[in-house]
Amino acid sequence: MILGDLGAQVIKVERPGAGDDTRAWGPPFVASESTYFLSVNRNKKSIAVDLKHPRGAQIVQQLAGVCDVLLENYVPGKLRHMGLGYEQLSGLNPRLIYCSITGYGQTGPHAQSPGYDSIASAVSGMMHITGPEGGDPVRPGVAMTDLATGLYAHGAVMAALLQRQKTGRGVHIDCNLLSSQVSCLSHIAANYLNAGKEARRWGTAHESIVPYQTCYHGNSWLEECFSHSLSAVCGNLQVMELMELTEDPKYKTNKLRVENRKRYPLHLSVRFLQETTADWLKKFKGSGVPIGPINSIQEVFSEPQVKHNRLVQEMNHPTAGRIAVIGPAVRFSSFSPSGPTPPPLIGQHTVEVLRDVLSYSDDIIETLLESKAVVQNKVS
Amino acid sequence: MILGDLGAQVIKVERPGAGDDTRAWGPPFVASESTYFLSVNRNKKSIAVDLKHPRGAQIVQQLAGVCDVLLENYVPGKLRHMGLGYEQLSGLNPRLIYCSITGYGQTGPHAQSPGYDSIASAVSGMMHITGPEGGDPVRPGVAMTDLATGLYAHGAVMAALLQRQKTGRGVHIDCNLLSSQVSCLSHIAANYLNAGKEARRWGTAHESIVPYQGFKTKDGHIVVAAGNEKQFVRVCQVMELMELTEDPKYKTNKLRVENRKQLLHTLSQRFLQETTADWLKKFKGSGVPIGPINSIQEVFSEPQFWKNSWENTLISVPGPAVRFSSFSPSGPTPPPLIGQHTVEVLRDVLSYSDDIIETLLESKAVVQNKVS
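Remember, predicted model here, so these are calculated numbers, not experimental data.

Caption draft 1: Layout of helix α14 (residues 277-284) of chain A. Residue and element names in this part refer to chain A. Along α14, the residues that are buried comprise T277, W280 and F284. Buried positions in α14, seen along its axis, are confined to an arc of 65 degrees and lie on one side of it. G286, located one to two residues past α14, shows a positive phi value of around 80 degrees.

Quick look at the structure:
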C-alpha cells in the first residue's frame, strides 16, 4: 500500500470468490467491504485468479515476467508447488524482486506454522511486556507486529530496487513476523542478552525513568513523560505547584526517583486528580514538559495536529460510496501522492490487467473467463 | 541502523560530553554504555561536534555536501537557526536527502512540542486501545511508536534515493511519531471514520474473531487464533470439547462473537487444566495457530529465533529482521563510543589535514574520544 502511495502500480492477486480473507473481517462493513479491508488496500488493482488452474498459474508467471516486485505471504513451499517459487520465477525474470512475508521465516522448526500477529506477538515477547503492572499480559490494541513487518518489507523492497540498479539482478527477501517483532524488542532484548535482565509489565510507566506515566482523572487520562533532566522535572513541579518536591533529597536525580518510584508518582497523582485534563494541558502549555492526553479514537480525529497533518484521506468507492482511511504517514517535499484510488472489489481489474499489462487479446480473455481460471467482478 | 546493516556508512553527530541522551538510559549498563544505547547503534561512527561553535556547524555543512542522506530529530526550526536547515543545506547540495523526524510534524499547532513515544502513543489513540478489557490503558511494552516511525523513515529514505536517480535532486522528508502511529491504527481508524465506531480495550482478545486471544494455563499463558470455522472445530477436537461444535450458538464466527462470554468461559476453564507445554504438544500438527506468551528469556530459547538471527560475540543485540538472498550484512561494527571517530571522519570523509584537525580539537569545536 505504501509503495502504491509512492506511485507504484500494485496488482493484488486474489482467489476467486471470497478473495482476501480480510474482506469478510467485520462488522463493521461498508456495503460489501469490511472497514478492515478498506483501511489497507487503497491504490491496488484486484485480479481474481485461480492459482490451482494451470492457466491461472501461468498468468502469474507472466506477470512476474513484466513486474518489478512480487510480494507473497504463503507458507514456505506452497508457491513452489504451483511453479511460482522464487527459483522458478527468477529463472524466467532474473530482475524480479521476490519478497516473502511469513510468520516465522523461510526455514526452521516453525517455518510451516501460519503467521498470525497475535501468536507472533506472544511468541516474540511483546505480550509478556505489555499490560498492567502486576496484571495479565495484553496485546497492543492494533496488530503492531503485522504492521512492523510490513514496514520492514516496504523498506527492504526499496533497498532491493536500489541494489538492482547496481547488479541488474533481483533478490529473494525473507520478512517474517517473529524476526520483526523480536527486532523491535531493541533495548528490552539488549537488557536480557547483555545483563541477563528479564523484562516485566509496567502498565504505563517506564522502567528506568520516573515519572513517565499516566494519571487518571475520573473519566479521562493524562499521560506525562518527563525526561530525567532536572530542568524538565522542575518545570513539571513548578506547573503543578509542588516545588517542595524539588527540595526533597529522595527525588533529586532520576536514579533516586526510580529507587523511590512507589512514592514519587503518588504526589503527582493526587495533585493531578484535582483538575481536568484540559486545564492541565493549558497549564503545561509552553512549559517544555512533554505531556499529552490519552485520546480515544474520536479524540484523535479531533486533534488539531492530526487534522493539520492531513492524515485522513477520503475517496469514492464503487459500492461503499464515500470512505475515509488514514493516508500516508510520511511527506516528501518533492512529491505529492496522486490519487488515491479506492480499495478494489474482488477481481475488479482482472480484464484490465490481462489486457493492458499482459497484452492479451479479447478472445483469449474470453476463453480464460469461461474456463474459470480467472474471474472478473461485474464492477470494473 | 537498518541502513547501516544494508551497507550505508553512518556518521552519528553527537554533542561533546554526554552525547546521545540514551547512552545514560540505564541501568542496565555494560561498562559505560547503556544496553538501551547498545541495542540500536551498531554500524555507526560517532563524531562529537559542538554545533553552536561556528566551526562545528561548518563541519556539518561540509558533511552534508558529501553525504547522500541527513537524518535529524530536532524540534522544527532549531537546525535552521544554526544554518543547517533543509533550504540552507540543499542550497549547498541539491542532491541531499534530508529526513526530519519529529514528534508531530514540521508545521502545525504541536510542531514545537518535543516528541516522546509515550506521549505520541497517548495522543494517537494507541494507549486507549491497549490494556485489559474493562481495565486501564497501558503502553505497549516497547516503544512501538518510535520504532514504527523509524521504519517508515528508513523506507522513505530509500524511496527518496530511488526518486533521486530519476530527478537528480534530493528532498525534504517529514516523518513524525503522531502520523506514524495514527497510520498504524489502520482498521481501528477506519472503523471510526467510516462507521463511527469508537474503539476500546480488549486485553488479548480480538473484537471480531472468537476465539482469538490469550488464555491462562496451569503454569502460564497461551494464545490461540482460530480465525475460521475449520480451525474452531480443530480447537474443540484437541481440547476434547466436541459438544461445542454442535452448539448452534457457536456455529459461525459471527455467532461466536455474539456469544463470546459463555464460550470463552468454557474454553478458559479447560485451558487451566494443563500446562502450556502440554497444550502446545496437543495442538502440534492441528493447523490451529497457537503460541506461548514467552518471557524474554523464553524468546531467546526459541529455536526458530536462533535460525533467523545472529549476535555479536561480546555484546548481544537482535540483528537485522530481514534477510536478502543476494546479500549478507558484513560486519557488524559495534555501537560507537561518543566521539570515537571524530578524527577519522574529518580526515577520511572531509579530507582535513592533520593541522586543521589539531586546531579544531583545540578550539573544542570537535572532540575525539580517547578510544578510536
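Caption draft 2: Quick peek at the domain arrangement of chain B. Domain annotation for chain B reports domain 1 (1-187 + 298-367) and domain 2 (212-292). For domain 1 of chain B versus domain 2 of chain B, the separation of C-alpha centres amounts to 43 Å.

Caption draft 3: Up close: the sheet that holds strand β1 (residues 10-14) of chain A. Residue and element names in this part refer to chain A. Across the sheet, 3 strands lie side by side as β1-β4-β14; this open sheet has mixed pairing. Looking at strand neighbours, the two that pair on one side only are β1 and β14 (374-375), the edges of this open sheet. When strand β4 (residues 44-49) meets β14, the two strands line up antiparallel, connected through 2 bridges. If you follow A48 over to β14, its bridge partner there is V375.

Caption draft 4: Main features of the packing of helix α7 (residues 144-167) of chain A against helix α7 (residues 144-167) of chain B. At a minimum axis distance of 9 Å, the contact between α7 of chain A and α7 of chain B shows a crossing angle of 20 degrees. When the interaxial angle is binned, α7 of chain A and α7 of chain B end up roughly parallel. With respect to the hand of their crossing, α7 of chain A and α7 of chain B are arranged in left-handed fashion. Along the contact surface, α7 of chain A presents M144, A148, L151, Y152, H154, G155, A156, M158, A159, L161, L162 and Q165 of chain A, while α7 of chain B presents M144, A148, L151, Y152, H154, G155, A156, M158, A159, L161, L162 and Q165 of chain B.

Caption draft 5: Highlighting a negative patch on the surface. On the surface, D362, D363, E366 and E370 of chain A cluster together into a negatively charged patch. For D363 of chain A, a relative accessible area of 62% corresponds to the exposed category.

Caption draft 6: Representation of the sheet that holds strand β8 (residues 212-216) of chain B. All names here are of chain B. With antiparallel pairing, the 3 strands of this open sheet are ordered in space as β8-β9-β10. Since the sheet does not close on itself, it has two edges, and those belong to β8 and β10 (290-292), each with one partner. Put simply, the sheet's adjacent strands are angled 20 degrees from each other on average, direction ignored. Of the strand pairs in this sheet, β8 and strand β9 (residues 221-225) are connected by 5 bridges, and their pairing is antiparallel. Counterpart to F215 in the pairing with β9 is I222. Helix α14 (residues 276-283) rests against β9 and β10 of the sheet, and its axis sits at about 160 degrees to β10.

Caption draft 7: Fine view of the environment of A120 of chain A. Residues and elements named next belong to chain A. Relative to the helices and strands, A120 resides in helix α6 (residues 117-123). Taking relative accessible area as the criterion, A120 reaches 0% and is therefore assigned buried. C-alpha of A120 to C-alpha of P344: the two residues are 224 residues apart in sequence and 29 Å apart in space. Those residues within four positions of A120 in sequence are excluded, and the remaining contacts are Y104, T145 and L177.

What counts, and where the lines are drawn
Residues numbered from 1 in each chain as written. Chains lettered and ligands numbered in written order. Predicted model: local features only at pLDDT ≥ 70, side-chain atom pairs only at ≥ 80, totals over all residues. Heavy atoms only, no water. Buried < 20%, exposed > 50% of the residue type's maximum accessible area, 1.4 Å probe, protein only. Helix = DSSP H or I, 4+ residues; strand = E, 2+ residues; numbered from the N terminus. Arc of directions from axis to C-beta. Domains from an automatic or database assignment. Pairing = 2+ DSSP bridges. Axes fitted to C-alpha atoms, helices over the stretch in contact; angles between N-to-C directions. Parallel < 35°, antiparallel > 145°, perpendicular 65-115°, else oblique. Left-handed = near helix turned anticlockwise from the far one by under 90°. Contact = heavy atoms within 4.5 Å. Patch = residues over 30% accessible without salt bridge, like charges linked within 9 Å, V, L, I, M, F, W, Y side chains within 5 Å. Areas by Shrake-Rupley, 256 points an atom, 1.4 Å probe, with all protein chains shown as cover. Salt bridge = Lys/Arg side-chain N within 4 Å of Asp/Glu carboxyl O. Lys, Arg positive; Asp, Glu negative; His and termini not counted. Charge placed at Lys NZ, Arg CZ, Asp CG, Glu CD.

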